[in-house]
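As a plain string of letters, each chain reads:
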Amino acid sequence: MGLTPRLWAKVGRAWRSPTLRNLFYLYAVQAANYLFPLVTLPYLARVLGPEGFGKLALAQALVLYLYAFLEYGYQFTATREVARNREDRAELGKIAAGVLHARLLLLLPLLPLGIGLGWAIPLLRGDFSLTVGALLAAIGQGFSPLWFFQGLEQMGRVALLEVLVRGATTLGVFLLVRSPGDVAIPIYLQAASYWLTALLGLSWLRAEVVWPGLSGGGAWLRKGVTFFVYNLATLLYTSLNVTLVSLVLPAAQVGQYAGAERLVRPLVNMWSPITRLFFPRLSFAFAQGKPEARRWLWQAFLLTLGVGVVLGASLFLSAPILVSWFLGAGYEMAVPIVKVLSLFLVLSALSSFVGVQLLLPMGLDRPFLVIALSAGLLNVALALWALPRWGVLAMPWVVVVVELWVSLGMLAAWRIFGVGRKQ
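Asker: A description of the overall build of the protein chain should follow, citing residues and the corresponding values.
Answerer: Each helix and strand counted, the protein chain has 18 helices and 0 strands in total. The buried share among the 423 residues of the protein chain stands at 55%. Long-range contacts, defined as pairs at least 24 residues apart, comprise 85% of the intrachain contacts of the protein chain with a sequence gap of at least 6.

This is how it looks when you write it as structure tokens:
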């Protein structure tokens, strides 16, 4: 029994809605970013073993550290400016040129920083190829213009490109990684995918703006410094955790935690499409004093928290099956880690909504930054105190406590500084 003409008409009307269409595109990107690595996870965990998999996880964490430096918080500041100036092609050109110029300037300190961090991490010190691959991947990811098309709410081409490239990278892992000695290959495949996406995306960006030539980087470095500090602070209680474990515990336990986190941490991105959809819209609405802001806030809250609760409950119940299926024998300690981290998912959904959908669109950047900094310092202190005492099982509880701190801090900041503003 096929679809009736009336149902086809309803589907067509829904697809013409910019909100639903862009939400679909954003979820396509997140599905590619989560599901494709999930497909390779059982293969890599078994071929590389816990020690090799731990080294790969550290290299991929290094990509995130370096990307956070190069990204400089423009996913918030630049996206917000694009959303506010979406009908002015000349101004959009100035924004794009300034951001790209700023990132070129940031390459100068990025290279020695990457080499230095690779040397500072003991398990990476003996494998320079992993550090070079991490640098290449971070640079490619840093020059992606995803922030620009997110601000315009035009995600179609970018989403399709991301899905195709991630699929090709996944195929490359199965074809090229054959032994523990191939631990660097996934990093280089990841780098190639980021470079291809960035180059094609930048060519599309040029067609959307009146291009003034590269300039304005200094001004954008000053404009983005608040969120640059926020990115670095966030790393202290997110991507740094595998490295913190590696500083205290042996490589095999690093692999246990890295495997569990690989199953959980990417799920945080499952409400990222909701954030990306509503953040530019709410930034525009608050700037213009539009009455729709309250309705959009309520929609964002229900969607974000709903996804977090469903994912957290599902992960808790299915932890033994997921670890057995995706990680295999030798990763039994990952089961309780995954169960504890399922609580983190729910708290992360709440903090994401309050922080990115309330505080930032309302211009409350400073309390947002203070909370992130305090959480990062708390995470490092608790981890270095707890890991020597209770081993790898202490790390997921540290993650939950810190995310609870973030959620309560964001809510307190909104109550103190945000209530009473136009919404």
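Let us keep going from here.
Asker: Just give me the short version of the packing of aromatic side chains, but keep the residues and values in it.
Answerer: Throughout the structure, instances matching the rule amount to 10 aromatic pairs. With a centroid separation of 5.8 Å and 90° between ring planes, the pair formed by Trp 147 and Phe 148 is classed as edge-to-face. Given the relative accessible area of 0%, Phe 148 is considered buried. Plain terms: the ring middles of Trp 385 and Trp 390 are 5.2 Å apart, the flat faces sit at 75° to each other, and that makes the pair edge-to-face. Classification of Trp 385 as partly exposed rests on a relative accessible area of 42%.

Asker: With reference to specific residues and values, describe helix α8 (residues 156-176).
Answerer: Here α8 spans 31 Å end to end across 21 residues, near enough to the 30 Å set by a 1.5 Å rise per residue. Buried residues of α8: Val 158, Ala 159, Leu 161, Glu 162, Val 165, Arg 166, Thr 169, Thr 170, Gly 172 and Val 173, and no others. The buried residues of α8 all sit within an arc of 165° when viewed along its axis, so they share a single face. Away from the buried face of α8 by more than 90 degrees, exposed residues Leu 160, Leu 164, Ala 168, Leu 171 and Leu 175 are located.

Asker: I'd love a proper account of the nonpolar core, names of residues and values included.
Answerer: With 134 residues, the main nonpolar core has Phe 148, Leu 263 and Leu 345 as its most contacted residues. Of all the elements, helix α2 (residues 18-71) adds the most residues to this core, at 21 residues. Dropping the residues within four chain positions of it, Phe 148 is found in contact with Val 82, Leu 92, Leu 205, Glu 208 and Val 209.

Asker: Can you explain the packing of α8 against helix α9 (residues 185-208)? Please cite residues and give values.
Answerer: Interhelical geometry of α8 versus α9 gives an angle of 160° and a closest axis separation of 9 Å. Of the possible angle classes, the one that applies to α8 and α9 is roughly antiparallel. Crossing hand, α8 versus α9: right-handed. Residue-level contacts link Arg 157, Val 158, Leu 161, Glu 162, Val 165, Arg 166, Thr 169, Gly 172, Val 173 and Leu 176 of α8 to Ile 185, Leu 189, Gln 190, Ser 193, Tyr 194, Leu 196, Thr 197, Leu 200, Trp 204 and Glu 208 of α9. Along the lines of polarity and charge, the residues of the contact of α8 with α9 split into 11 nonpolar, 5 polar and 4 charged.

Asker: I'd like to hear about the side chain of Arg 166, residue by residue, with values.
Answerer: With respect to the helices and strands, Arg 166 occurs in helix α8. Once residues lying within four places of it in the same chain are set aside, the contact partners of Arg 166 are Ala 32, Asn 33, Phe 36, Pro 37, Gln 190, Ser 193 and Tyr 194.

Asker: Which residues make up helix α11 (residues 225-236), and what are the values?
Answerer: End to end, α11 covers 17 Å across 12 residues, agreeing with the expected 16 Å (1.5 Å per residue, within 8%). Residues Phe 227, Phe 228, Tyr 230, Asn 231, Ala 233, Thr 234 and Leu 235 constitute the buried set of α11.

Asker: For a nonpolar patch on the surface, give the residues involved together with the corresponding values.
Answerer: A cluster of nonpolar side chains, namely Leu 136, Tyr 188, Trp 195 and Leu 199, defines an oily patch on the protein surface of about 370 Å² accessible area. Counting residues per element, the nonpolar patch draws most heavily on α9, which supplies 3 residues. Tracing the chain through its elements places Trp 195 in helix α9. According to the relative accessible area criterion, Trp 195 is partly exposed, its value standing at 37%.

Asker: Break down the packing of helix α4 (residues 89-120) against helix α6 (residues 128-142) for me, citing the residues and quoting the values.
Answerer: The N-to-C vectors of α4 and α6 enclose an angle of 155°; their axes lie 10 Å apart at closest approach. With respect to their mutual orientation, α4 and α6 come out roughly antiparallel. Between α4 and α6 the crossing geometry is right-handed. When α4 is examined against α6, the residues Arg 103, Leu 107, Leu 110, Leu 111, Gly 114, Ile 115 and Gly 118 are found in contact with a partner set consisting of Phe 128, Thr 131, Leu 135, Ile 139 and Gly 142.

Asker: I'd like a description of the side chain of Glu 71, backed by residues and values.
Answerer: By the element assignment, Glu 71 lies in helix α2. Excluding residues within four positions of it along the chain, Glu 71 makes contact with Arg 103 and Asn 231.

Asker: Quick one: what's the story with the confidence of the model for the protein chain, residue by residue and with numbers?
Answerer: Here the protein chain averages 83 in pLDDT, and 87% of its residues register 70 or above. Least confident of the elements in the protein chain is helix α1 (residues 5-16), whose mean pLDDT is 51; most confident is α6, at 93.

Asker: Mind laying out the environment of Tyr 188, listing which residues take part and the relevant values?
Answerer: Relative to the assigned elements, Tyr 188 resides in helix α9. Judged by relative accessible area, which is 32%, Tyr 188 ranks as partly exposed. In this structure, the C-alpha to C-alpha distance between Tyr 188 and Ala 137, residues 51 residues apart in sequence, is 7.1 Å. In contact with Tyr 188, not counting residues within four places along its chain, are Ser 129, Val 132, Gly 133 and Leu 136. A polar contact of 2.7 Å, which involves the side chain of Tyr 188, links it to the backbone oxygen of Ser 129. At 3.4 Å, the side chain of Tyr 188 and the backbone nitrogen of Gly 133 are in polar contact.

The rules behind each value
For every chain, the first residue of its written sequence is number 1, and the numbers climb from 1 along that sequence. Only residues with pLDDT of 70 or above have their local features reported here, since the model is predicted, and side-chain atom pairs are shown and tallied only from 80 upward, although totals for entire chains, interfaces and linings are computed over all residues. In computing side-chain values, all of the structure's heavy atoms are included and hydrogens and water are not. Helix and strand assignments come from DSSP, with helices taken as H or I runs of at least 4 residues and strands as E runs of at least 2, each series counted from the N terminus. Here the term buried applies to any residue with accessible area under 20% of the maximum for its type, exposed to any over 50%, and partly exposed to those in between, with areas from a 1.4 Å probe on protein chains only. Contacts are assigned to residue pairs that have any heavy atoms within 4.5 Å of one another. Each Phe, Tyr or Trp ring (for Trp, its six-membered ring) is paired with any other whose centre lies within 6.5 Å, and the angle between the two planes then decides the class: stacked below 30 degrees, edge-to-face above 60, tilted in between. Each residue after the first adds 1.5 Å to the expected span of a helix. Here the arc refers to the set of directions running from the helix axis out to each C-beta atom. Take the buried Ala, Val, Leu, Ile, Met, Phe, Trp, Tyr and Cys residues and link them wherever side-chain atoms come within 4.5 Å; each set so joined is a nonpolar core. Each axis is a line fitted through C-alpha atoms, taken for helices only over the stretch in contact, and angles between the N-to-C directions span 0 to 180 degrees. For classification, angles of less than 35 degrees are called roughly parallel, those exceeding 145 degrees roughly antiparallel, those between 65 and 115 degrees roughly perpendicular, and all remaining angles oblique. Helix crossings are classified by the rotation of the near helix relative to the far one: an anticlockwise turn of less than a right angle makes the crossing left-handed, while a clockwise turn makes it right-handed. All amino acids are sorted into three groups, where Ala, Val, Leu, Ile, Met, Phe, Trp, Tyr, Cys and Pro are nonpolar, Asp, Glu, Lys and Arg are charged, and the leftover types, Gly among them, are polar. Excluding any residue in a salt bridge, patches collect residues exceeding 30% relative accessible area, merging like charges within 9 Å and nonpolar Val, Leu, Ile, Met, Phe, Trp and Tyr side chains within 5 Å. Surface accessibility in these figures is a Shrake-Rupley result with a 1.4 Å probe; residues are shielded only by whichever protein chains are displayed. Take a side-chain nitrogen of Lys or Arg and a carboxyl oxygen of Asp or Glu: if they are within 4 Å of each other, that pair is a salt bridge. The predictor attaches a confidence to each residue, called pLDDT, with possible values from 0 through 100. In protein, a polar contact requires one atom able to donate a hydrogen and another able to accept it; more generally it is a pair of N or O atoms within 3.5 Å, and residues adjacent in sequence count only if both atoms are side-chain atoms.

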